[in-house]
Structure formats: C-alpha cells, structure tokens
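# Architecture and fold: a report
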Amino acid sequence: MEIVAAAGVLGGLTLTGLAGRIPALANFLGNVENAVDATARGVGTLTPGVLIGVGIAGLLGGILSVCIIGLVRGAGSGRR
C-alpha cells in the first residue's frame, strides 16, 4: 500500500512539474516556478489561483499514476 501512495505522490509532483513547463498549461498554474522562486526570496506571494492550479495538477497526476498501477497489477494477475 505504501508503494501505491509513493507512486501517487511521485505522479502528482511529476505532472505539476511538466504542466509548469508547457506554455499552454503554465497559464493555468500561474507559472508556478516563478511564484515559488519569488516566495522563497520573500518578494512575492502565492495567489489562490496558483494554489488551486497546482493542487488540481497534483491530484490529477496522483490519480493517473495510481490508476496505471492498478491496471498493471490487474493485468498481471490474470483476472478479467
């Protein structure tokens, strides 16, 4: 069970990172790299829009990776 949870976290982080690098999706995330960098320097704040966008991307990435693991495990067990 811990492996599935770790895969969900990894999938969420991966999708959030990829979405921040794709220009069309970066607008929905509010250019999260710039926001985190500005916050770390103390010159900016994370807006609610950025937090919502990052949260949604993380949830979708986690759900997608857990579903893929479920499909692989189901296919490996021979059940149909």
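For the structure, see preceding data.
Presented here is a report on the structure given in the accompanying data block. (Residues numbered from 1 in each chain as written. Predicted model: local features only at pLDDT ≥ 70, side-chain atom pairs only at ≥ 80, totals over all residues. Heavy atoms only, no water.)

## Some points on the packing of helix H1 (residues 2–21) against helix H4 (residues 48–77)
Their axes nearest at 7 Å, the elements H1 and H4 cross at an angle of 135°. The angle between the axes of H1 and H4 places the two elements in the oblique class. The handedness of the crossing between H1 and H4 is right-handed. Contacts from Val-4, Ala-7, Gly-8, Gly-11, Gly-12, Leu-15 and Thr-16 in H1 reach Val-54, Ala-57, Gly-58, Leu-60, Gly-61, Gly-62, Ser-65, Val-66, Ile-69 and Arg-73 in H4. Here the contact of H1 with H4 is built from residues that sort into 8 nonpolar, 8 polar and 1 charged. (Axes fitted to C-alpha atoms, helices over the stretch in contact; angles between N-to-C directions. Helix = DSSP H or I, 4+ residues; strand = E, 2+ residues; numbered from the N terminus. Parallel < 35°, antiparallel > 145°, perpendicular 65-115°, else oblique. Left-handed = near helix turned anticlockwise from the far one by under 90°. Contact = heavy atoms within 4.5 Å. Nonpolar A, V, L, I, M, F, W, Y, C, P; charged D, E, K, R; others polar.)

## Notes on the environment of Ile-3
Summarising the element assignment, Ile-3 is placed in helix H1. Assessed through its relative accessible area of 63%, Ile-3 is described here as exposed. Taking the C-alpha atoms as reference points, Ile-3 and Val-66, separated by 63 residues in sequence, lie 9.8 Å from one another. (Buried < 20%, exposed > 50% of the residue type's maximum accessible area, 1.4 Å probe, protein only.)

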